[in-house]
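Coordinate inspection notes
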Amino acid sequence: MSSATVPVIEFDLIVVGAGIVGCSAARAFGSDGRKVLLLERDLAEPDRIVGELLQPGGIEALKKLDLQDCVDGIDGIPCYGYGVIYQDKVVHIPYPVSETTDKIASGKSFHHGRFITNLRKAATATEKYCISPHHFYAPLTIVCDGIFSKFRKELTIKTPDVRSNFVGFIMKDLELPLPNHGHVVLAKPSPVLMYQISTHDTRVLVDVPGKLPSTSNGDLKKYMQDIVAPELPDAIRVKFLEGLETERLRSMPNGFLPPSINNVEGMIMLGDAVNIRHPLTGGGMTVAFNDVVLLKELLSPDKIPSFTQTDLIIQQMSTFHWKRKNYCTAINVLAMALYRIFAANENKDLGVLLRGCFAYFQLGGECVDAPVGLLSGLIQRPMVLVYHFFSVAFYSIYIEAKSNGWSGLHRSFIMIITVLYTACITILPYLWSETKY
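Sequence order sets the numbering: in each chain, residues are counted from 1 along the sequence as written. Note on the predicted model: pLDDT of at least 70 is required for a residue's local features to be given, and 80 or more for side-chain atom pairs to be given and counted; whole-chain, interface and lining totals, by contrast, use all residues. To get the side-chain values, all heavy atoms of the structure are used, and hydrogens and water are removed first.

Glancing now at a nonpolar patch on the surface. Two distance rules govern patches: like charges are joined within 9 Å, and nonpolar side chains (Val, Leu, Ile, Met, Phe, Trp, Tyr) within 5 Å, applied only to residues with over 30% relative accessible area and no salt bridge. Residue exposure ignores everything except the shown protein chains as possible cover, and the areas themselves are Shrake-Rupley values with a 1.4 Å probe. Salt bridge, as used here, is a side-chain nitrogen of Lys or Arg placed within 4 Å of a carboxyl oxygen of Asp or Glu. A grouping of Phe413, Ile414, Ile416 and Ile417 is seen on the molecular surface, where their side chains present a nonpolar patch of about 400 Å² in accessible area. The topology assignment puts isoleucine 417 in helix 12 (residues 409-435). In this description a helix means any DSSP run of H or I spanning at least four residues, a strand means any run of E spanning at least two, and both kinds are numbered starting from the N terminus.

Shown next as structure tokens:
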């Protein structure tokens, strides 16, 4: 068929990528009466090792998008908080009480592909998939093509800063210390995450800093056996080693990409294509769904009657960029700062902060409620993060100085300076990158 005879179909909006963001955006704008085309190159159920824990703040955003049913019927597991394990000690970090329901907040963990399948079903209730030869036109395109985006260069010269990889597999029928909770093991050289994603399956994600060992020659498996396994509690180690023998090891890069203003005429970029944080705290989907909620509000038909009004859209996207910082800054910066502390390895000052952070959580009360409120997306105030981060730093210094005693006063004086400096360079660059533009 020649290009001259290919049928032309016009839409109000084209959405590229039927993943987390694309499906929810297509559904959101379709429900506003827009004519939307959702494009995806592969409609097979995705099989990924990330995007499997949705924080309470993400659940709240799903409800605003009328997509809350998408977490049902997929053998998902309710999540009521975290357990942090350090040197065989476990501290319980429950989610706070939700202001909207007056009950303990909860998230949901699940197989990523099953969740995506439900989102695609919800999207196709108002949208179409077109695969026959056509020319498609729309005044506005929303691009949601993920961390490996091919379109990012159209918006920004920034690229993800990748310093580690998550290696993941399934552990069968593992009983975690705190059921219905995510778990973080503060291991050396970097943290290990675990959370149950279905009745019999528990996801384990091992952060591997630096260059990833080869899978083909067995180096990666050996790394898991020799370096990671000894760091795990005995009961978990058995299932971990079993899983290494029966499951395929897969990896995903962990990076950081600060947001950029969407100022390209006719295109909006959302999701990991334009803003990435370390998945340690599971905040990516929460940011994504809140982005769609905010974008739907700013580009509603009463504010933007037609997507041909390019100048108005550019103005609204500037508003979008700054308003989203209320919820994304705390999540993004917390993820990166926590990761740097939890991956302290042999860094002496980060080690002080790591021990102090765990001791701070052990205090309970507000020392737990506020940090997990930030992590869960329920507290959307970046200054709360700054306050508690430096509270951790000063508490860390206090604990270390106390252990040094009077005889180690000179060491404590030097430690105060170096630890405070390390705390500043751990969080301030990320805060600056999130707020400077």
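For the exposure calls, accessible area comes from a 1.4 Å probe over protein chains only, and a residue counts as buried if that area is under 20% of its type's maximum, exposed if over 50%, partly exposed in between. On strand 10 (residues 140-143), burial covers both faces: Leu140 and Ile142 on one face and Thr141 and Val143 on the other are all buried. Bridging between strand 10 and strand 16 (residues 267-269) involves 3 bridges; their strand directions are parallel. The residue bridging threonine 141 from the neighbouring strand is methionine 267, located in strand 16. DSSP-based pairing: two strands are paired if at least 2 bridges between them are found.

Overall, antiparallel pairing links the 3 strands, which are arranged 4-8-5 in an open sheet. At either margin of the open sheet sits one strand with a lone partner, and together these are strand 4 (53-54) and strand 5 (77-79). Here strand 5 pairs with strand 8 (residues 107-109) via 3 bridges, running antiparallel. In the strand pairing of strand 8, proline 78 is matched with lysine 108.

With that settled, the discussion passes to the environment of phenylalanine 169. With respect to the secondary-structure elements, phenylalanine 169 resides in strand 11 (residues 161-172). A residue is classified by how much of its surface remains accessible, and phenylalanine 169, at 1% relative accessible area, is buried. Remark: the alpha-carbon pair of phenylalanine 169 and valine 293, spanning 124 residues in sequence, is separated by 32 Å. When sequence neighbours within four positions are dropped, the list of residues in contact with phenylalanine 169 reads Thr202, Arg203, Val204, Phe240, Gly243, Leu244, Glu247, Arg248 and Leu249. The contact definition used throughout considers only heavy atoms, calling two residues in contact when any of these lie within 4.5 Å.

So, about the pattern of salt bridges. Using the criterion set out here, one finds 18 salt bridges in the structure. As a salt-bridge pair, glutamate 297 and lysine 303 come within 3.9 Å of each other at their nearest N and O atoms. Classification of glutamate 297 as partly exposed rests on a relative accessible area of 39%. We classify lysine 303 as partly exposed; its relative accessible area is 35%. Glutamate 400 is the salt-bridge partner of arginine 355, the closest N and O atoms lying 3.4 Å from each other.

Now for the domain arrangement of the chain. The split into domains, and so the bounds of each, comes from an automatic or database assignment of domains. One can read the domain layout of the chain as domain 1 (13-75 + 110-158 + 257-333), domain 2 (162-255) and domain 3 (344-435). Put simply, the middle of domain 2 and the middle of domain 3, counted by C-alpha atoms, are 26 Å apart.

Time to look at helix 9 (residues 348-362). Spacing of three or four residues puts side chains on the same side of an α-helix, whose turn is 3.6 residues. One less than the number of residues in a helix, times 1.5 Å, gives the span that helix is expected to have. With 15 residues, helix 9 should reach 21 Å at 1.5 Å per residue; the first-to-last C-alpha distance of 21 Å fits that figure. Across the 15 residues that make up helix 9, a large majority, 12, are buried. Listed in full, the buried residues belonging to helix 9 are Asp349, Leu350, Gly351, Val352, Leu353, Leu354, Gly356, Cys357, Phe358, Ala359, Tyr360 and Phe361. Pairing of N or O atoms within 3.5 Å defines a polar contact, subject to two protein rules: one partner must be a possible hydrogen donor and the other a possible acceptor, and residues neighboring in sequence count only if both atoms are side-chain atoms. Structurally, the start of helix 9 carries an N-cap: the backbone nitrogen of aspartate 349 is 3.1 Å from a side-chain oxygen of asparagine 347. Positive backbone phi, approximately 70°, marks glycine 364, located one or two places after helix 9.

Sheet strands pair by backbone hydrogen bonding; their relative direction is either parallel or antiparallel. Reading across the sheet, the 7 strands line up as 7-6-12-13-14-11-15 and stay open at both edges, with mixed pairing between neighbours. Single-partner strands in this sheet number two, and they are strand 7 (89-94) and strand 15 (250-256). Each adjacent strand pair in this sheet contributes to an overall mean axis angle of 25°, direction not counted. Bridging between strand 13 (residues 192-196) and strand 14 (residues 201-209) involves 5 bridges; their strand directions are antiparallel. Bridge pairing in strand 14 places valine 192 opposite valine 206. All axes are obtained by fitting lines to C-alpha atoms, using only the stretch in contact for helices, and the reported angles, taken between N-to-C directions, cover 0 to 180 degrees. The strands touched by helix 5 (residues 234-246) within the sheet are strand 6 (81-86), strand 11, strand 13 and strand 14, with strand 11 carrying the most contacts at an inclination of about 95°.

Tracing the sequence through the fold places valine 292 in helix 6 (residues 284-298). What makes valine 292 buried here is its relative accessible area of 1%. Separated by 33 residues in sequence, valine 292 and proline 259 have C-alpha atoms that sit 15 Å apart. Excluding anything up to four places from it in sequence, valine 292 contacts Val21, Ser24, Ala25, Ala28 and Leu65.

Moving on to the nonpolar core. Note that soluble globular proteins tend to have their nonpolar side chains buried in a common cluster. Grouping buried Ala, Val, Leu, Ile, Met, Phe, Trp, Tyr and Cys residues that are joined through side-chain atoms within 4.5 Å yields what is termed a nonpolar core. If you look at the biggest cluster of nonpolar residues, it comprises 65 residues, and the most contacted ones within it are Ile93, Leu186 and Phe342. In terms of residue count, the dominant contributor to this core is helix 8 (residues 325-342) (9 residues). Beyond its immediate stretch of four places on either side in the chain, leucine 186 contacts Val84, Ile85, Tyr86, Phe342, Leu354 and Phe358. In this structure, Ala26, Leu62, Ala288 and Cys328 belong to the second largest nonpolar core, which totals 50 residues.

Right, let's get into the packing of aromatic side chains. Centres within 6.5 Å are what make two rings of Phe, Tyr or Trp a pair, Trp counting through its six-membered ring; a difference in plane orientation under 30 degrees is then read as stacked, over 60 as edge-to-face, and the rest as tilted. Applying the stated rule across the entire model yields 11 aromatic pairs. Each ring, one from phenylalanine 29 and one from phenylalanine 307, has its centre 6.0 Å from the other, and the planes form 75°; the classification is edge-to-face. Remark: phenylalanine 307 occurs in the loop between helix 6 and helix 7 (310-323) and phenylalanine 29 occurs in helix 1 (residues 20-30); sequence separation between them is 278 residues. Here phenylalanine 29 falls in the buried class, since its relative accessible area comes to 1%. Members of the aromatic cluster, connected to one another through ring pairs, are Phe110, Phe115 and Phe289. A ring has a charge above it when a Lys NZ or an Arg CZ is no more than 6 Å from the ring centre and no more than 35 degrees off the ring normal. Sitting over the ring of phenylalanine 307, arginine 34 keeps its end group 3.9 Å from the ring centre. In this structure, lysine 35 packs its charged tip against the face of phenylalanine 11, placed 5.1 Å from the ring centre.

With omega at 10°, the peptide bond leading from lysine 188 into proline 189 counts as cis. By the secondary structure assignment, proline 189 is in the loop between strand 12 (182-185) and strand 13. In this structure, aspartate 66 takes a positive phi of about 60° despite not being glycine. Phi is positive for glutamine 87, close to 50°, though the residue is something other than glycine.

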